[in-house]
Amino acid sequence: MTSTLPRPDTAPPGPPRLHTPTKRYAGPPPAWRSSVLAPVGAGVAVLAASTSLTGVVGGASWLGYVAVTVVLVACTGLALRSIRTPTPLVGLAQLVVLLLLVTGVFTGSGILALIPGPAAFAELNDVLVAAFDQIRTGLPPVDPTPPILCLVTIAIGLVAVLVDTLAVAASAPAATGLVLLCVYAVPASLSDTMLPWWTFLLGASAFAALLAVDGNHRHRRWRNRDAPGLGTSPATASAPVVVVVLALVCGLVAGTTFTFVGTVGRLPGSGHNGQGAGSGGLGVNPFTSLRGMLDQGSAVDLFRVRGLGNDKRLLRAFTLDTYRPNQGWSLPDGPMPAGYPANQTLPAAPGDDGTAESRQIQIEPVNWVDVWLPVYGQLRGLQGVDAGWYYDPASGAVFSERKQHMQPYTEVASLTEPSKAQLETINRAPAAPAVYSQISGVDPRVVALTQQITAGAPTMFDKASAIWRYFTAANGFTYDTQTAAAADSDALADFLLNGKRGFCEQFASAMAVMLRVLHIPSRVAVGFTTGYADGDYRMISSQDAHAWVEVYFGDELGWVSFDPTPRSDGRGYVPPYLESSGTPSDPSASDTQEVPSISTTHVAPSGAQDAQNGGTGANGGQQASPPGSAPGWTGWLALVLVLLAVVLTAGAYFGARLARDRVRWLPLVAAGAWLLAVLLSAWLIHWSLALILLVLAGAVLAPAIVREVHRRRRWRAITASEPGAADAAWAELLDECADRGMPIPPSDTVRAAAQKVAQQQHLDQSGQDNLRTVVGVVERSWYAPEGGAQDPTFVPAFEGVRESLRRNAPMSWRGRLFPRSIFRRRGR
C-alpha cells in the first residue's frame, strides 16, 4: 500500500488554484431572439402569404397597404407584450389599431380623421359594398381601387392578428399554417389560372422560418425544465392540443366561408336558386323567376362583336324548356345532353336549309366566364374553339362541362329570318319534341285570358303575335326593376291580371306559358340584347342580359324569336315580321337611354365610382390619387431611405461582429432610416396613417428616450466629478441591472449588491476588477466624502463595468425600448 502523504523533504503544497477558462463565458442568449423574432416571423409569414393575391388583384400598390398593416399589428403586439399586457387585451388593441387605420385611410368622416363614428361606419359600409360589387362583376385580376384596397387591408389585417396571436401568444406557430393556407385558398378559388410559383415558394419559406424560430426558442427554454407532458399537469400538457384543435376549426370554417367570395354573375333577378357563373367573370343563371327584383349591379363589358354590320340580333346563350309552376323556367333535371364537338363540322339547325348567306361574326369575350358559349341566329360552324365545347342542335346551345373564360372565337351563322307571309302559312302547330309543348299547373284564369286574347286568330303566327302585342302599356304593362307586391297566391296570374309590372323574366315566362296553353311549341331563350355600337364593333355588357321567347314553326322555318318585354331604351330588337304590329319595344327610343335599374339609382360611396369605372377617370385617364396622399417625390425619397436602411442594417450586423463596439451608432441610424421610410410610405397612402405611425413610434420610443436622458445626465455628473458622482454611478449600475431583468433590491448593501451584479450579469475578470474600484469609490463617498469621487481611476472603472455588461449580458430589445428602471423611481 503506497502512502499519499508528502515526503518530509518536500515543500508543502500551496492552496489549490481554480482553473480559469481561456474563453470567457458568453452569457445567456440574447432575449431579443425570443421576444422579437417570433412576431417578426409571423409578420413575414403573413406578408409572404398575401403575395398570393397577385392572382386576383392587379398592380402592386395593395402590397404597400398590406405591409403597413402587418407592421402595425406586429409592433402593437410587441409593444404591449413587452409590458406584460394580458393576451386578450393585446388582440383587442391590435383590432383597434386596424380599425383606426381603415378609418383614417378609407373614410373621410372619422372623428379627428382616425376615430370611427356613425358616419365613418356608414361610409365604410358603402366602401365595402362597392368592393364586393366589383368582385362580383370583375374579372381577376381586378383593379386595385380604394374599395378593393380597403377590403384587402381588412382581410390581411385580421389574418395578421390571428397569426400573431397563435405564433406569439399561444406559442403554436404550426397552427398558423391552416390560417395561411386559407389565404392561398381564396385567390386559388377565384383565379382561372395557376397562381405564380414564386408566391408558394415565399409562403413555404416564411412558414418554415417561423417554425425554425419557434423550435430554436423552445430548445433553449426546455433545456432546463421538463418537456410538456412530462411531469407537468394535464392542463399544461393539453394546452397546445386545444390551441391546435381550435386553429383547425377556425381554419376550416374560414376557408369554407371565404372561398364562397367570388365574382358571381347571374341573370338579373334570378335569385340564388340556379347555378351561377364561375369565378373570375360574369355568367347567367339557367333560371327565370315570376317574381323578384332586378339587380344588374354595375355595368360590366362582356363581349365585343364584329361582323354584324348594321344588323341587330339577339345573342342567345341557352334556352329553357321546363316550366315549374309558380316559380319560373329552368333546364330539365338531369345531366347535360349529348352534343356534337363544337370545333368540328356541325349539323344543320332547324330552319336552315343551307341556301342562305353565311356570315362570319367575330365575338371576343371580355368578362364572360360560364359553361355557355353565346351564338347568333342559326349556327353553322365555330372557329377558334378549343376541344371540350359541344353543340346541341335541339336547344341551339353551345356548352362545356366546366365554366371557363373563352378566347375570341368566330361564328359562322345564317342570320336570315322568315317573312311574315311565310310564318302565316303555318296554321297548326307542327310536330316538335314533347318537352317543348308540355305544360301543367297553369291557373284557369291564365288559360281563360290566353283564349280571350287569341280568339279569332286563324294561324299560329297570329296567335303568337296577339299574345306578343298584349304586353304593352295600353294594356297596363310597365317595365320595372321590381315586380309589384304580391296580391295573389299564383305568381303568373298575379303578374298577368294584377301587378302587370316587371322585367324581361316575367314577360318572357308569361308569354311562353300562354303559348304552351295553346299547344304551340315554345321555350324561353336567355342571352343578350343588341348592345350598343362602339366604333367598328358592338359592345355587349351585363346591362344587356335579357330573356325572350322562341316559337317553333317546323323544320323549314325553325325557331322564331318574340320579345314581349316593353323596353324603351332602344336596345331591343323587333324583327321585320313583327314591325307592322304594335310592338312592345320602341325601337325609336334613344340608343343611350338607360333602363331603370337599381344600379342607376345607387349612390356610390367615396372611391366606389372608381371601382365601377375600372379605376380610370371619365376620360380614361389614370385613377386620381386619394385625398390626403403625399406628393410624388415622397415615393422616391422613401425608396432611397429603404435602400439606405438596408445598407445601414447590413453594416450594423457585420460591424457588430467585426468592429465590436466601435460602430455602436449604426443600429440607431439604421432604425431611424427605417422609421423615416415607413413614415414616408404611410404618407403615400394617407397623411393620417403617417400620423398614426408617428404617434405610435413616439409612444414606443418615449421610455427609451427618457432612460437615455437619465443616462446622459448621470454620465455628465460622473465625468465632471460633480458632488454625488459616485451616487449617480451606483444608481446607473442598478438601473442597468433592472433594465436587463435582474433588479437589485435597494435594501442590499453595496458589497452584497456588487456580488449579485457580478454573478447575475456574468461579469468577466476585468469587469469584476473595475466593479471593485467603483464599489470602493462609492463606499468612500458615503463614509469619507472628501476622498470619494476624486479617484482618477473611477471614471475608467465605471466605463469598464458598463463595457463588461455589454459584452457578457447584452440587453434585449425589450430592455432597450421599455426599460424597467424608468418605472421605478430612484435617487441619484
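Residues numbered from 1 in each chain as written. Predicted model: local features only at pLDDT ≥ 70, side-chain atom pairs only at ≥ 80, totals over all residues. Heavy atoms only, no water.

Help me out: how do you make sense of the overall build of the protein chain in this one?
Each helix and strand in the protein chain was counted, giving 24 helices and 20 strands. Counting over 828 residues, the protein chain shows a buried share of 48%. Within the protein chain, contacts between residues at least 6 apart in sequence are counted, and of these 72% link residues at least 24 apart. (Helix = DSSP H or I, 4+ residues; strand = E, 2+ residues; numbered from the N terminus. Buried < 20%, exposed > 50% of the residue type's maximum accessible area, 1.4 Å probe, protein only. Contact = heavy atoms within 4.5 Å.)

Help me understand the nonpolar core in this model?
Within soluble globular proteins, side chains that are nonpolar tend to cluster in buried spots. Formed by 81 residues in total, the largest nonpolar core has its most connected members in F471, L496, F553 and F562. Not counting residues within four places of it along the chain, the set of residues in contact with F553 comprises L423, I426, P430, M460, F461, G558, V560 and F562. Among the nonpolar cores identified, the runner-up in size contains 53 residues, and L101, I135, I154 and V159 belong to it. (Core = buried A, V, L, I, M, F, W, Y, C linked by side-chain atoms within 4.5 Å.)

Sorry, what's going on with the side chain of S395 here?
Relative to the helices and strands, S395 is located in the loop between β11 (389-392) and β12 (397-405). Since its relative accessible area comes to 13%, S395 is described here as buried. The residues contacting S395, other than those within four sequence positions of it, are R316, T319, Y436 and R523.

Hey, could you run me through the packing of helix α6 (residues 146-169) against helix α7 (residues 176-190) in this one?
When two helices pack together, their arrangement is given by the angle between the helix axes and by the axis-to-axis distance. Relative to each other, α6 and α7 sit at 165°, their axes nearing to 9 Å. Taken together, α6 and α7 sit at an angle that is classed as roughly antiparallel. At the point where α6 passes α7, the crossing takes the left-handed sense. Residue-level inspection shows I156, V159, L162, V163, L166 and A167 of α6 in contact with α7, the latter providing T176, V179, L180 and V183. Among the residues forming the contact of α6 with α7, the class breakdown is nine nonpolar, one polar and no charged. (Axes fitted to C-alpha atoms, helices over the stretch in contact; angles between N-to-C directions. Parallel < 35°, antiparallel > 145°, perpendicular 65-115°, else oblique. Left-handed = near helix turned anticlockwise from the far one by under 90°. Nonpolar A, V, L, I, M, F, W, Y, C, P; charged D, E, K, R; others polar.)

How should the sheet that holds strand β8 (residues 369-372) be read in this particular structure?
For sheets, the rule is that strands pair by backbone hydrogen bonds, running either parallel or antiparallel. In spatial order, the strands read β6-β11-β12-β8; together these four strands make up an open sheet with antiparallel pairing. Each end of this open sheet is capped by a strand with a single partner; those strands are β6 (340-341) and β8. By the bridge criterion, four bridges tie β11 to β12 in an arrangement that is antiparallel. Bridging from a neighbouring strand, Y390 pairs with F399 of β12. (Pairing = 2+ DSSP bridges.)

Which parts of the structure should I look at to understand the packing of aromatic side chains?
Centre distance and the angle of the planes are the two values used to describe a pair of aromatic rings. A complete count under the given rule lists 21 aromatic pairs for this structure. For the ring pair F318 and W372, a centre distance of 4.6 Å and an interplane angle of 35° mean the geometry is tilted. With F318 in strand β3 (residues 315-320) and W372 in strand β8, the pair connects residues that are 54 residues apart, well separated along the chain. The same class applies to F318 and to W372, which are both buried. Here Y552 and W559 contribute two aromatic rings whose centre-to-centre distance is 5.0 Å and whose plane-to-plane angle is 50°, an arrangement assigned as tilted. Of the two residues, Y552 and W559, both sit in the buried class. By the ring-pair criterion, three or more aromatic residues cluster together here, those being Y470, F471, F477, F495 and F507. Just above the ring of W559 sits the side chain of R523; from NZ or CZ to the centre is 3.8 Å. One cation-aromatic arrangement involves R802 over W715; the distance from NZ or CZ to the ring centre is 5.7 Å. (Phe/Tyr/Trp six-rings, centres within 6.5 Å; stacked < 30°, edge-to-face > 60°. Lys NZ or Arg CZ within 6 Å of the ring centre and 35° of its normal.)

Which parts of the structure should I look at to understand the pairing of strand β13 (residues 409-414)?
For a regular strand, the rule is simple: side chains alternate between the two faces of the sheet. For β13, a buried count of six out of six residues is recorded, marking the element as mostly surrounded by other parts of the structure. Bridge count between strand β7 (residues 359-365) and β13: five bridges; the pairing is antiparallel. The residue bridging Q360 from the neighbouring strand is V412, located in β13. When strand β10 (residues 378-383) meets β13, the two strands line up antiparallel, connected through five bridges. Each residue of the ladder has a partner; that of L382, found in β13, is E411.

Please clarify how the sheet that holds strand β16 (residues 522-528) should be interpreted in this entry.
A sheet is described by the order of its strands in space; here five strands give the open sequence β9-β3-β16-β19-β20, paired in antiparallel fashion. Among the strands making up the open sheet, the edge pair consists of β9 (375-376) and β20 (559-562). In this sheet, β9 lies alongside β3 in antiparallel orientation, the contact comprising two bridges. Within β9, the position partnered with R316 by the bridge is V375. Running at roughly 25° to β20, helix α12 (residues 460-470) makes contact with β19 (545-552) and β20 of the sheet. Most of the contacts of helix α14 (residues 504-517) go to β19, to which it runs at about 10°, and overall it touches β16, β19 and β20.

Looking at this model, I keep getting lost on the pattern of salt bridges. Mind explaining?
Side chains bearing opposite charge may pair, as long as their charged atoms lie close to each other. Per the stated rule, a full pass over the model turns up 27 salt bridges. Between D311 and R359 there is a salt bridge, with the nearest N and O atoms lying 2.9 Å from each other. Of this pair, D311 sits in the loop between β2 (301-306) and β3 while R359 sits in strand β7, and the two are 48 residues apart along the sequence. Classification of R359 by relative accessible area gives buried; the value is 18%. A salt bridge links E732 to R707; the shortest N-O distance between them is 2.9 Å. Here R707 lies in helix α19 (residues 687-719) and E732 lies in helix α20 (residues 725-739), a separation of 25 residues in the sequence. The pair E732 / R707 is uniform in exposure class, with both members buried. A network of salt bridges, in which partner residues are shared, links R707, E708, R711, R712, R714, E732, D735, E736, D739 and R740. (Salt bridge = Lys/Arg side-chain N within 4 Å of Asp/Glu carboxyl O.)

Structural measurements only, silent on function.
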